[in-house]
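Reading the structure
Letter by letter, the chains look like this.
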Amino acid sequence: MTTRKVPKDVYEAELFRLQSELVTLQEWVRATGSRVVVVFEGRDAAGKGGTIKRITEYLSPRVARIAALPAPTDRERTQWYFQRYVAHLPAAGEIVLFDRSWYNRAGVEKVMGFSTPAEQERFLDQAPGFEQMLIDDGILLRKYWFSVSDEVQLKRFRSRLDDPVRRWKLSPMDLESIARWEDYSRAKDEMFAHTDTPASPWFVVESDIKRNARLNMIAHLLSTIPYRPVPHEPVHLPDRPPAADDYRRPPRELFTSVPDHAAQLLGDPEADA
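Reading the values: the criteria
- Residues numbered from 1 in each chain as written.
- Predicted model: local features only at pLDDT ≥ 70, side-chain atom pairs only at ≥ 80, totals over all residues.
- Heavy atoms only, no water.
- Helix = DSSP H or I, 4+ residues; strand = E, 2+ residues; numbered from the N terminus.
- Rg over C-alpha atoms; globule rule 2.2 N^0.38 Å.
- Buried < 20%, exposed > 50% of the residue type's maximum accessible area, 1.4 Å probe, protein only.
- Contact = heavy atoms within 4.5 Å.
- Patch = residues over 30% accessible without salt bridge, like charges linked within 9 Å, V, L, I, M, F, W, Y side chains within 5 Å.
- Areas by Shrake-Rupley, 256 points an atom, 1.4 Å probe, with all protein chains shown as cover.
- Salt bridge = Lys/Arg side-chain N within 4 Å of Asp/Glu carboxyl O.
- Lys, Arg positive; Asp, Glu negative; His and termini not counted.
- Charge placed at Lys NZ, Arg CZ, Asp CG, Glu CD.
- Pairing = 2+ DSSP bridges.
- Axes fitted to C-alpha atoms, helices over the stretch in contact; angles between N-to-C directions.
- Expected span 1.5 Å × (residues − 1).
- Parallel < 35°, antiparallel > 145°, perpendicular 65-115°, else oblique.
- Left-handed = near helix turned anticlockwise from the far one by under 90°.
- Core = buried A, V, L, I, M, F, W, Y, C linked by side-chain atoms within 4.5 Å.
- Phe/Tyr/Trp six-rings, centres within 6.5 Å; stacked < 30°, edge-to-face > 60°.

1. Things to note about the overall build of the protein chain
Tallying secondary structure elements over the protein chain gives 11 helices and 5 strands in all. Whereas a compact globule of 273 residues would reach a radius of gyration of roughly 19 Å, the protein chain reaches 24 Å, over 25% beyond that. Counting the 273 residues in the protein chain, one finds 38% classified as buried. In the protein chain, of all internal contacts separated by at least 6 residues, the share reaching a separation of at least 24 is 79%.

2. Side note on a negative patch on the surface
Residues Asp150, Glu151, Glu206 and Asp208 make up a contiguous surface patch of negative charge. Looking at the element boundaries, Asp150 is found in helix H6 (residues 150-161).

3. Re the environment of Thr116
Here Thr116 is to be found in the loop between helix H4 (108-112) and helix H5 (117-136). Judged by its relative accessible area of 38%, Thr116 is partly exposed. Between the alpha carbons of Thr116 and Arg105 there is a distance of 9.7 Å; along the sequence they are 11 residues apart.

4. Quick notes on a nonpolar patch on the surface
Together, Trp80, Val86 and Met133 line one region of the surface with nonpolar side chains, adding up to about 280 Å² of accessible area. By secondary structure assignment, the location of Trp80 is in the loop between strand E2 (64-67) and helix H3 (83-86).

5. With respect to the sheet that holds strand E4 (residues 140-147)
The 5 strands are arranged E2-E3-E1-E4-E5 in an open sheet whose pairing can be described as parallel. Two strands in the sheet have a free side with no partner beyond their single neighbour: E2 and strand E5 (202-206). The sheet shows a mean angle of 25 degrees between the axes of neighbouring strands, direction not considered. Relative to E5, E4 runs parallel, the two being bridged by 5 bridges. For Ser147, the partnering residue across the bridge sits in E5 and is Glu206.

6. Quick notes on helix H9 (residues 210-223)
For H9, which comprises 14 residues, the first-to-last C-alpha distance of 20 Å matches the rise-based estimate of 20 Å (1.5 Å per residue) to within 8%. Residues of H9 that are buried: Asn212, Ala213, Arg214, Leu215, Met217, Ile218, Leu221 and Leu222.

7. A look at the packing of helix H2 (residues 48-56) against H9
Axis separation between H2 and H9 bottoms out at 10 Å; the angle between their running directions is 55 degrees. What the angle tells us is that H2 and H9 run oblique. Seen from above, H2 lies across H9 with right-handed handedness. Residues Gly50, Thr51, Arg54 and Ile55 of H2 form the contact with H9, whose own contacting residues are Arg214, Met217 and Ile218.

8. A short note on the nonpolar core
Inside soluble globular proteins, nonpolar side chains tend to come together where they are buried. Of all hydrophobic cores here, the largest spans 31 residues; its most connected members are Leu25, Val38, Phe40, Ile55, Met217 and Ile218. Elements supplying a minimum of two residues to this core: helix H1 (8-32), strand E1 (35-42), H2, strand E3 (94-99), E4 and H9. No other element matches H1, which puts 7 residues into this core. Contact partners of Ile55, with chain neighbours within four places excluded, come to Leu22, Phe40, Leu97, Met217 and Ile218. Membership of the second largest hydrophobic core comes to 23 residues, among which are Phe82, Ala106, Leu124 and Phe192.

9. Here's the deal with the packing of aromatic side chains
Considering all chains together, one arrives at 20 aromatic pairs under this definition. Ring centres 6.1 Å apart and planes at 80 degrees place the aromatic pair Tyr85 and Trp102 in the edge-to-face group. On the criterion of sequence distance, the pair formed by Tyr85 in helix H3 and Trp102 in the loop between E3 and H4 is long-range, its members being 17 residues apart. Judged by its relative accessible area of 0%, Trp102 is buried. Taken together, the ring pairs connect Trp80, Tyr81, Phe82, Tyr85, Phe98, Trp102, Tyr103, Phe123, Phe130, Trp145, Phe192 and Trp202 into an aromatic cluster.

In structure tokens form, the structure reads like this:
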């Protein structure tokens, strides 16, 4: 993998091209009734969320949706482990992006002791069969592991400390992962040994360089799905009809408008003259 960051102008041009292709993929999924599931896993601060954001930026939320499940409720803890994830699987014509998935059991739950060794063993035994059922039913399943070095992860954590819009990303679990780096490595290795199968392989995304990782992941996803442009009728805007003589717009003073905050930013035009 290259260690050179793609220049910003090249990155933005290629990202937009790939996003245009994602729109074509979306229309193919909708027209053919296909079902797509994309699993995003990896260490904290590995760049999963930023990649998902770029994928969905121009897609319809009615077709492509993100499943980012919170911690299970007391009731969900008594269910079959995969049950709450099944509820988020796509229907015909839908794409679901799992921002973390059923692999929580093989990662954070194992490392933090949130599940028992017996539950972890059962998960590793059942996961390949569960995924095979999805594939056999026609779901297009793709699994991506975002790999980040410990140096880059720590750098990203530090950058969040004083960032008011990203500080929320530093959860206690994130901070704990610093001290448990090797534990997570062992858990990931064991997970891959059981679930990196020919039918449902893991695709590793080297993500120390975010721009490169996003382009690589999106390009690979598109290359694995046999989508094609869907013919559609040309769209023509109709002419606006003449204004009706019997309609008058009510005065603005009758409505409650939001304050003009933007005007405050512009200042006093007379004072600037």
